[in-house]
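Working through the structure, step by step
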Amino acid sequence: MPLIVDSHQDLAWNILSFGRDYLRSAQETRRIEKGSPTVERNGDTLLGWPEYQQGNVAVVFATLFSAPARWAYDWETYSYREPKEADRQYRQQMDVYHRLTGDHPDKFRFISSVSDLDEVLASQREVNSGGQGYPVGLLPLMEGADCINDFGELEEWWDRGLRFIGPAWAGTRFCGGTKEPGPLTPDGRKLLVAMADLGFTLDLSHMDEPAALESLDIYPGHIVVTHGNCLALLPKHEFNRHLSDRVIRGILERDGMIGVVPFNTFLKDGWLVGKSNRDEVSLMDLVAHIDHICQLAGDARHVGIGSDFDGGFGLQSTPKEIDTIADLQKLVPLLLSCGYSEEDAAAILGGNWIHMLHRSLPV
Ligand SMILES: [Zn+2]
C-alpha cells in the first residue's frame, strides 16, 4: 500500500472549535457526536489516528486557520476582527500542534525539517515490517496571513517551526482571495520578499488569479497549491476558488505541486452541501482533476491530494466510495484503470509531496 501525504487538514480548528480528539478513531468520534450541532456544522468526521494507520497516511499538512468575522458563521469560535486577534488565534493553534506532538510522540510528530520528515518515514517503514502503529507527521501550514502584523514576526513563526504560508483565504491585507477578488497589494509584495528571505514555501490556495499569476512571476522560492481543483472541469462554478489552466501551467513551470480536493462541491458543478446526493459523485471525478493536471504537465509528478477533510465539510460531502481518509487508497486501482503505472499512483498518493518536502524544507 503506498503512503499518503495529505496537504490540507484543519486539525487545530476542529480541536478548538468542536473539541474533536484525533487520537480517537473517526468511528468513535461519530458515535460521540451523533445528533450534536458539530455534525450539522461540519459533517461527520473523516479523520482519526487509527484511520491514518489504516490508510498508510504518513504526513498531514496541519493548518493554522481562522475565518475573518465578516465570513464566519455565528457559532464560529475562531473568527477574528483585526490582525491582533488573528495573531492570538493562530499562535494558539500552533501551540495545539506542539502539544499534540509533545504529549503523544508515538502518535504524532512535528515536522519542520528534512530530518524530522526522514525520521517519520523511517518509523513508518519499521511498523510496516511488523510494529504496532507509527507516528504521523504534522507539518504546520498557515492559511490566511492576516495574523502577520509586521514582517519581523515571520522570523518568530519560522522559529516556531512554520515553513508554509498561504497569504489568502478570503481577501487579506496581502491579496485578493476567495469571493474577494483582487491583486497582490503593496503589503502583499513586501510579505513575499520577507517570506523568501527566510525560505518559506508559498501556498497559492485561495489566491485570486491576478495575485497568483504575479506571485508566480516574482516569488523566488518554492510554490505550491495545498488544496485546489481545476477550473477547466468546473466551468459553472460561481466563485473564484479554482485553478485556471494559466495558474496550473505557472505552477508546473516552477516545478510546484498541487493537492486536489475530494470535496463534492469542488468536483461536480452544481453539487450542493446538504441538498445533493453523495452517490452522484465518485472518486473517478477526483481522478479527472488529477488527470487534467498530469495532461498539462506531461507527467504524474506534480499532483497530490489535499483533502481538506473536516474543513467545513464531512463524510456527507465526499465521493460515495469514501468512509474515512483510509479510503483514499481506493484511488490506486482507479488510477491503474486509467493507464497510470503503480509508480505513478504511489507518487500521486504521497511520493510527489515527499519529494517536494525534500526540496523545500531546511535540512
Ligand atoms: Zn482552504
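Up top is the structure these notes are about.
Calculation criteria
Residues numbered from 1 in each chain as written. Predicted model: local features only at pLDDT ≥ 70, side-chain atom pairs only at ≥ 80, totals over all residues. Heavy atoms only, no water. Helix = DSSP H or I, 4+ residues; strand = E, 2+ residues; numbered from the N terminus. Rg over C-alpha atoms; globule rule 2.2 N^0.38 Å. Buried < 20%, exposed > 50% of the residue type's maximum accessible area, 1.4 Å probe, protein only. Contact = heavy atoms within 4.5 Å. Areas by Shrake-Rupley, 256 points an atom, 1.4 Å probe, with all protein chains shown as cover. Donors = N, O, S within 2.8 Å, 3.2 Å for Na, K, Ca; no water. Phe/Tyr/Trp six-rings, centres within 6.5 Å; stacked < 30°, edge-to-face > 60°. Pairing = 2+ DSSP bridges.

**A short note on the overall build of the chain**
Helix and strand counts for the chain stand at 13 helices and 13 strands. For the chain, the C-alpha radius of gyration of 19 Å lies close to 21 Å, the compact-globule estimate for 363 residues. When the backbone C-alpha atoms are referred to their principal axes, the chain occupies close to 50 × 45 × 45 Å. Residue burial in the chain is summarised as follows: out of 363 residues, 60% are buried. Taking the intrachain contacts of the chain between residues at least 6 apart in sequence as the baseline, contacts between residues at least 24 apart amount to 73%. Total accessible area on the chain stands at roughly 13900 Å², and carbon and sulfur atoms take up 50% of it.

**Let's talk about the environment of P362**
As for its position among the elements, P362 is in the segment after α13 (342-360). Judged by its relative accessible area of 28%, P362 is partly exposed. Considering only alpha carbons, one finds P362 and V193, 169 residues apart in sequence, at a separation of 18 Å. Aside from chain neighbours lying at most four places away, what touches P362 is S112, S113, V114, W158 and R163.

**Here we look at the coordination of the zinc ion**
Surrounding the zinc ion are the protein donor atoms E143 (OE), H206 (NE2) and H227 (NE2), which sit 2.0 to 2.2 Å from the metal. For the zinc ion, the single-chain donor residues occur in sequence as E-x62-H-x20-H. Taken as a pair, E143 in strand β6 (residues 136-143) and H227 in the loop between β11 (223-225) and α10 (245-253) lie far apart in primary sequence, 84 residues in all.

**Description of the packing of aromatic side chains**
All told, the structure shown has 13 aromatic pairs when counted by the stated rule. Here the aromatic rings of W13 and F18 are separated by 5.3 Å at their centres, their planes lie at 90°, and the arrangement is edge-to-face. Each member of the pair, W13 together with F18, is buried. Ring geometry for Y73 and W75: centres 5.5 Å apart, planes at 5°, overall stacked. With relative accessibility at 56%, the residue Y73 sits in the exposed group. Residue W75 is classed as partly exposed on the basis of its relative accessible area of 22%.

**Overview of the pairing of strand β1 (residues 4-9)**
Within β1, six of the six residues are buried, which leaves the element mostly enclosed by the surrounding structure. In the sheet, β1 pairs with strand β2 (residues 57-65) via four bridges, with the strands oriented parallel. Bridge pairing in β2 places V5 opposite V59.

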